[in-house]
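# Report on the structure
Here is how the chains run, residue by residue.
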Amino acid sequence: MLKLVVSDLDGTLLNPKHRLTAKTIATVQSLVKSGVPFMLATGRHYQDVYLLAKQLQVPMYLITSNGARVHKACGTLLYEDHIPEPLVAKVLALSAGFDIHRNLYQQDLWLVEEPHPELLALHAESGFKYQQTDFGRLALQLIDKIYFTADHAVLVPLEQQLRAQLGSQLMITFTSPEYLEVMNAGVSKGHALAKLLALKGINPADVMVLGDGMNDKEMLALVGHPVMMDNAVPVVKALLPNAPIARSNAEDGVACYLTDYFNL
């Protein structure tokens, strides 16, 4: 029997409007009531995820910032991996000439240089909001994640520059075509999950992971029961061609898969 279910958020547990449906909430509660723990692993900020997780009304560990932070169910920080200050400075310098929106996760803060109403709307369900600041005057310590939003064609040259100059020192990944994210080297959802499983004494073979994006690939490859969303990006599906496919997040895919698999 599986001992843990881990789900991504955007594109997986959340519907296309970035909300938890009543069916999803009820299914997760039934799963936990049946004796199978549930947890979230996401690129989102902890403060954002915490507010969303409260809607599920079940105790759970949280992997956030693509694995840069792990919190216990009680909210205690268990693990954190910051980007070294000199590398933050280099990333900001390299990205300064691009027509992109730049975001920093610094401890409990989401920091931006300029407003982005559409981006803020994606977090309306939790109520988590950014703070506008001058990156040039910011102390660059305790940065968990840097991410950029723009059209994919604009982000690709930036990704190439970052990889060419800092690829051996940082984790650089697209989470979707419009989101390019940067963490410290070695940081990933998979790495954070592996550390947590070792701490809890759970064999990865006894874990189910559901995901859809490039930032899910390490944790999908880690476990014994990876599940791809039907809406997963093709390159992720190609990495694990034999993994079962859940319905899309627009069809309550996680809820449907868990209901069928665990007979909820």
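Let us look at the structure shown here. Not measured: the values here are computed from a predicted model.

Across the 10 residues that make up helix 10 (residues 253-262), a large majority, 7, are buried. Among all positions in helix 10, only Gly253, Val254, Ala255, Cys256, Tyr257, Leu258 and Phe262 are buried. On its buried face, helix 10 sits against strand 1 (4-7), helix 1 (9-13), helix 2 (22-33), strand 12 (207-211), strand 13 (225-229) and strand 14 (245-246). Just downstream of helix 10, Asn263 is the residue with a positive phi angle, here 55°.

The final tally for this structure, using the stated rule, is 15 salt bridges. Here Lys189 ties to Asp8 by a salt bridge, and the two come within 2.9 Å at their closest N and O atoms. Placement of the pair is Lys189 in helix 7 (residues 189-200) and Asp8 in the loop between strand 1 and helix 1, with a sequence separation of 181 residues. Like Lys189, the residue Asp8 is buried in the burial classification. A salt bridge links Glu80 to Arg69; the shortest N-O distance between them is 3.2 Å. Placement of the pair is Glu80 in strand 5 (residues 77-80) and Arg69 in strand 4 (residues 69-71), with a sequence separation of 11 residues. In this structure, a network of salt bridges that share partners links the residues Arg69, Glu80, Asp108 and Asp144.

Among the secondary structure elements, Lys195 is positioned in helix 7. Along the backbone, Lys195 and Val70 are 125 residues apart, and their C-alpha atoms lie at a distance of 9.6 Å.

Within the element layout of this structure, His71 appears in strand 4. You can call His71 buried: its relative accessible area is 3%. When sequence neighbours within four positions are dropped, the list of residues in contact with His71 reads Tyr46, Tyr61, Leu62, Thr76, Leu77 and Leu78.

Hydrogen bonding along the main chain pairs the strands of a sheet, whether they run parallel or antiparallel. Read from one edge of the open sheet, 8 strands run 5-4-3-2-1-12-13-14, paired in mixed fashion. Every interior strand has two partners, whereas the edge strands, strand 5 and strand 14, have only one. Pairing between strand 1 and strand 2 (residues 38-41): 3 bridges, direction parallel. Among the inter-strand pairings, Ser7 is bridged to a residue of strand 2, identified as Leu40. Relative to strand 3 (residues 62-64), helix 3 (residues 46-56) is tilted by about 145°, and along the sheet it contacts strand 2, strand 3 and strand 4.

Taking 1.5 Å of rise per residue, 12 residues should cover 16 Å, and helix 7 covers 16 Å from first to last C-alpha, within 8% of that figure. Within helix 7, the full set of buried residues consists of Lys189, Gly190, Ala192, Leu193, Leu196 and Leu197. Looking straight down helix 7, one finds its buried side chains confined to an arc of 160°; they lie on one side. Exposed residues on helix 7 whose side chains face more than 90 degrees from its buried face are Ala198 and Leu199. Residue Gly201 follows helix 7 closely and has a positive phi angle near 70°.

Leu40, Leu56 and Leu193 are the most contacted members of the largest nonpolar core, which totals 50 residues. Among the elements that make up this core, the one with the highest residue count is helix 3 (5 residues). Ignoring any residue separated from it by four or fewer positions in sequence, one finds Leu56 in contact with Leu13, Leu20, Ile25, Val28, Gln29, Phe38 and Leu40. In this structure, Leu92, Leu104, Leu138 and Phe148 belong to the second largest nonpolar core, which totals 25 residues.

Rules used throughout
- Residues numbered from 1 in each chain as written.
- Predicted model: local features only at pLDDT ≥ 70, side-chain atom pairs only at ≥ 80, totals over all residues.
- Heavy atoms only, no water.
- Buried < 20%, exposed > 50% of the residue type's maximum accessible area, 1.4 Å probe, protein only.
- Helix = DSSP H or I, 4+ residues; strand = E, 2+ residues; numbered from the N terminus.
- Contact = heavy atoms within 4.5 Å.
- Salt bridge = Lys/Arg side-chain N within 4 Å of Asp/Glu carboxyl O.
- Pairing = 2+ DSSP bridges.
- Axes fitted to C-alpha atoms, helices over the stretch in contact; angles between N-to-C directions.
- Expected span 1.5 Å × (residues − 1).
- Arc of directions from axis to C-beta.
- Core = buried A, V, L, I, M, F, W, Y, C linked by side-chain atoms within 4.5 Å.

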